[in-house]
Amino acid sequence: MVEALHTSVYTYEVAPLFSLMEQYIVRYVGGEIVGFPEVDKVDGLFNPGGSLSNILGMHLARYNLNSSVKTKGNNVFEKPLVILTSEESHYSLQKGASVLGIGTDYVWKVATDTNGRMLPQKLEERIAEAKTTGLTPLLVSATSGTTVLGAYDPIEEIAEICERNGIWLHVDAAWGGAAMLSSKLRPLVKGIERADSVIWNPHKMLGLPLQCAMFLTRHKHLLLECNSNKSSYLFQTDKPYDSEYDIGDKTFLCGRKNDALKFWLTWKARGKFALTAAVENAFDMAEYFANLIRDREGFHLVLPKVQCTNVCFWYIPPKLRKHVDWNSESFKEALGKVAPALKRRMLDQGTIFIGYQPIEHRKLPNFFRLVVHCNPQPTRESMLYVVTEFERLGADF
């Protein structure tokens, strides 16, 4: 439907209904789902993906620190800027630092605990280190549902640190933000309402059509002040309506797809209750899968506890099971070769398709990552099928 309507949502006069729809959703999600305390100050946009939303958060934080950067560039800052984020965070932060002229060397990683969650004490140490070495901490990016391990950073504690130090808090909830819908899962994102900006991609866990990605902030007008240039052929100030409805001037993009319609129709058709149930089921099925393989021969969980719907594990084929030694580099090297070979067999046979990756800074060889989504709805039968397919495909390795 979005493609058929073929409407670019940059001005109210071109897309009146969809402009109002997008602004309503932004206020609703920001106020009712994220929980920003002052709904009338909520602002935001739908963006083409979480990477761009993360970059927009960095861009907004920089403008908030010194609005002259818009016209004079990064040389308005007496000290280099630094971004702090967990060692498990998304790579788009490095790309954003490059795009914004901050530099990838100034994206500082903060150590995490055994479950991949940012350690608040280490964050404080990195902030102090940055200040001591003559840098200005610009932004802390916490993650709710890291891409690989599915870790939820402790936002409440991180927010306290950011508020004490006057640092913009950005939360990348692109993947794990669906937990906000559920009162049962809400503790995973405790404190998210204290963030300065939040991103959430309903096209991820909820399974809405690509792209459907939101950027939300509790600082009204900042997006417009930061990005507007009042282009005279689109964003005239003498229109017969409030120019605030011209959403396109809030972003550095021009043509904009009507992504809000995807969320609107899904919300109207299914409602919060059904979507919440789908999210809770996905979490339950991830836990069920983890329990299936926890003590099953040939499987080994990377983390003992599943936080999100990512289940990370190794499949240890029969020929390696007599040589399991997690302190042995030769065993790890051999185990690291299993995932690429087994994935190739998956591609050849087409029965399942599970991705893999290593984590170098944790010295973890290639492991599989099952990612459970809401759509299509996962079941216990489908989880058991994945387990038995691993055993069938890897039986002769």
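Here, the structure is the one placed above.
Residues numbered from 1 in each chain as written. Predicted model: local features only at pLDDT ≥ 70, side-chain atom pairs only at ≥ 80, totals over all residues. Heavy atoms only, no water.

**Concerning the pairing of strand 5 (residues 168-172)**
The buried fraction of strand 5 amounts to five of the five residues, a majority that puts the element mostly inside the structure. Across the two faces of strand 5 the burial is the same, with Trp168, His170 and Asp172 and Leu169 and Val171 all buried. Bridge count between strand 4 (residues 136-143) and strand 5: five bridges; the pairing is parallel. From the neighbouring strand, Thr143 faces strand 5, where its bridge partner is Asp172. Running through helix 7 (residues 155-165), the crossover from strand 4 to the neighbouring parallel element strand 5 is right-handed. Where strand 5 lies against strand 6 (residues 197-200), three bridges are found, and the strand directions are parallel. (Buried < 20%, exposed > 50% of the residue type's maximum accessible area, 1.4 Å probe, protein only. Helix = DSSP H or I, 4+ residues; strand = E, 2+ residues; numbered from the N terminus. Pairing = 2+ DSSP bridges. Right-handed = clockwise from strand over helix to strand, strands pointing away.)

**Examining the nonpolar core**
Leu169, Trp200, Phe263, Val311, Phe313 and Phe390 are the most contacted members of the largest nonpolar core, which has 112 residues in total. Counting residues per element, this core draws most heavily on helix 9 (residues 260-294), which supplies 15 residues. Excluding residues that lie within four positions of it along the chain, Phe263 makes contacts with Ile25, Val29, Phe46, Trp200, Pro202, Leu208, Cys212 and Met214. With 13 residues, the next largest nonpolar core counts Trp314, Ile316, Ile359 and Phe367 among its residues. (Core = buried A, V, L, I, M, F, W, Y, C linked by side-chain atoms within 4.5 Å. Contact = heavy atoms within 4.5 Å.)

**A closer look at the sheet that holds strand 1 (residues 43-47)**
Pairing is mixed in the open sheet, where seven strands are placed in the order 1-7-6-5-4-2-3. Each edge of the open sheet is held by one strand with a lone partner, namely strand 1 and strand 3 (107-110). In this sheet, adjacent strand axes meet at a mean angle of 20° when their direction is disregarded. Bridge analysis of strand 2 (residues 81-86) against strand 3 gives four bridges, and the strand direction is parallel. The residue of strand 3 that forms the bridge with Ser86 is Val110. On top of the sheet, helix 5 (residues 92-99) reaches strand 2, strand 3 and strand 4; it is set at about 160° to strand 3, its chief contact. Where helix 7 meets the sheet, it contacts strand 4 and strand 5, and its direction lies at approximately 155° from that of strand 5. (Axes fitted to C-alpha atoms, helices over the stretch in contact; angles between N-to-C directions.)

**A look at the pattern of salt bridges**
Tallied over the full model, the rule gives 23 salt bridges. With its nearest N and O atoms 2.9 Å apart, the salt bridge here joins Lys239 to Asp246. When its relative accessible area of 3% is taken as the criterion, Asp246 is described as buried. Measuring nitrogen to oxygen at the nearest pair gives 2.8 Å for the salt bridge that ties Lys262 to Asp259. (Salt bridge = Lys/Arg side-chain N within 4 Å of Asp/Glu carboxyl O.)

**Let's talk about the packing of aromatic side chains**
Scanning the model with the defined rule gives 18 aromatic pairs in all. Taking the centre distance of 4.8 Å and the plane angle of 80° together, the rings of Phe368 and Phe390 count as edge-to-face. With a gap of 22 residues between them, Phe368 in strand 11 (residues 364-371) and Phe390 in helix 12 (residues 380-393) connect regions that are remote in the sequence. Exposure class is identical for Phe368 and Phe390. Each is buried. These aromatic residues form a ring-pair network of at least three members: Tyr24, Tyr28, Trp200, Phe263, Trp264 and Trp267. Note that Lys268 overlies the ring of Trp264, its terminal NZ or CZ placed 5.0 Å from the centroid. (Phe/Tyr/Trp six-rings, centres within 6.5 Å; stacked < 30°, edge-to-face > 60°. Lys NZ or Arg CZ within 6 Å of the ring centre and 35° of its normal.)

**Some remarks on the sheet that holds strand 10 (residues 355-359)**
Read across the open sheet, the four strands follow the order 8-9-11-10; overall the sheet is antiparallel. Because the sheet does not close on itself, it has two edges, and the strands there are strand 8 (299-301) and strand 10. Strand after strand, the sheet turns through a mean of 45° between neighbouring axes, direction not considered. Here strand 9 (residues 310-315) runs beside strand 11; their pairing, made up of four bridges, is antiparallel.

**As for the environment of Tyr241**
Summarising the element assignment, Tyr241 is placed in the loop between helix 8 (222-227) and helix 9. Of the residues examined, Tyr241 reaches a relative accessible area of 18% and is grouped as buried. Taking the C-alpha atoms as reference points, Tyr241 and Tyr12, 229 residues apart in sequence, are found 8.7 Å from one another. Residues within four places of Tyr241 in sequence aside, it is in contact with Thr11, Tyr12, Glu13 and Asp246. Of the polar contacts made by the side chain of Tyr241, one reaches the side chain of Asp246; its length is 2.8 Å. (Polar contact = N/O pair within 3.5 Å; in protein donor to acceptor, adjacent residues only side chain to side chain.)

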